[in-house]
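Breakdown of the fold
So the chains spell out like this:
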Amino acid sequence: DTEVTQTPKHLVMGMTNKKSLKCEQHMGHRAMYWYKQKAKKPPELMFVYSYEKLSINESVPSRFSPECPNSSLLNLHLHALQPEDSALYLCASSQDPLVKKLFFGSGTQLSVL
Amino acid sequence: DAKTTQPNSMESNEEEPVHLPCNHSTISGTDYIHWYRQLPSQGPEYVIHGLTSNVNNRMASLAIAEDRKSSTLILHRATLRDAAVYYCIPDMEYGNKLVFGAGTILRVKS
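Here's what I pulled together on the structure shown here. (Residues numbered from 1 in each chain as written. Chains lettered and ligands numbered in written order. Predicted model: local features only at pLDDT ≥ 70, side-chain atom pairs only at ≥ 80, totals over all residues. Heavy atoms only, no water.)

All names here are of chain B. Spatially, 1-9-8-3-4 is the arrangement adopted by the 5 strands of the open sheet, whose pairing is mixed. At either margin of the open sheet sits one strand with a lone partner, and together these are strand 1 (9-13) and strand 4 (45-50). Between one strand axis and the next, the sheet turns by 25° as a mean value, whatever way the strands run. (Pairing = 2+ DSSP bridges. Helix = DSSP H or I, 4+ residues; strand = E, 2+ residues; numbered from the N terminus. Axes fitted to C-alpha atoms, helices over the stretch in contact; angles between N-to-C directions.)

Let us now look at the state of the cysteines. Residues and elements named next belong to chain A. In total, this model carries 2 disulfides over all chains according to the counting rule given. At a sulfur-sulfur separation of 1.8 Å, the disulfide partner of Cys 23 is Cys 91. Between Cys 23 and Cys 91, the S-S torsion sits near -70°, and that sign places the bridge as left-handed. A residue pair is termed long-range when its members are at least 10 positions apart, and Cys 23 in strand 3 (residues 18-25) and Cys 91 in strand 9 (residues 87-94) qualify at 68 residues. (Disulfide = S-S within 2.5 Å.)

One pass over the full model with this rule turns up 9 salt bridges over all chains. What you see here is one network of salt bridges that share partners, running through A:Lys36, A:Arg63 and A:Asp85. (Salt bridge = Lys/Arg side-chain N within 4 Å of Asp/Glu carboxyl O.)

Take the packing of aromatic side chains next. Taken as a whole and assessed by the stated rule, the structure comprises 8 aromatic pairs over all chains. Ring centres 5.7 Å apart and planes at 85° place the aromatic pair A:Tyr35 and B:Phe100 in the edge-to-face group. Taken as a pair, A:Tyr35 in strand 4 (residues 31-37) and B:Phe100 in the loop between strand 8 (84-90) and strand 9 (104-109) lie in two separate chains rather than in one. By the burial criterion, A:Tyr35 is buried, and B:Phe100 matches it. Judged by centre distance (5.0 Å) and plane angle (85°), the rings of B:Tyr87 and B:Phe100 are edge-to-face. Of this pair, B:Tyr87 sits in strand 8 while B:Phe100 sits in the loop between strand 8 and strand 9; the two residues are 13 residues apart in sequence, bridging distant segments of the chain. (Phe/Tyr/Trp six-rings, centres within 6.5 Å; stacked < 30°, edge-to-face > 60°. Buried < 20%, exposed > 50% of the residue type's maximum accessible area, 1.4 Å probe, protein only.)

Listed below in structure tokens is the structure:
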């Protein structure tokens, strides 16, 4: 199983809502990532978890709150988002943080109204 | 300032080989070169990576120049399913982070 599963696939939320994006992998990978991708732009790294601990935060606003409850799961909690946060949010995993062979999910397309 | 450059777009005919170039003139001797691609409506997908010598796998071949300042991703027989954005990502100064540049949009004509 080389799959990274993201749910939901699509999400529409208001600026006052609280929602969560979920990501799951069962490859035994110990590094997990959140990327943000705007239309026609390359993915931008947001967070890296290494062995369930946050190792990289690319100066992401606090309205995005990541969580890694265990080695298979990664969440991204969203609160008080802005319309400019509308984007495709991609989750990825790799065997460990030094391995750059990442496996990506298909993403959650988020629209903030 | 370290910089990776790729053509904005390329076009190929179906069933013909495609050579996707990448320049990474400031790469160091220990930096790997990674290639990913992103098909429409999907997340990026690992294609291949290498350090010095040429590399082959079931998806593609990677030819690395002797001075390592450039590399070429080779798709031996392009299919319509190969239409995607192809990203060349040298390690360079990014440490443990996989940082995507603009990439090359590959269009495949039938």
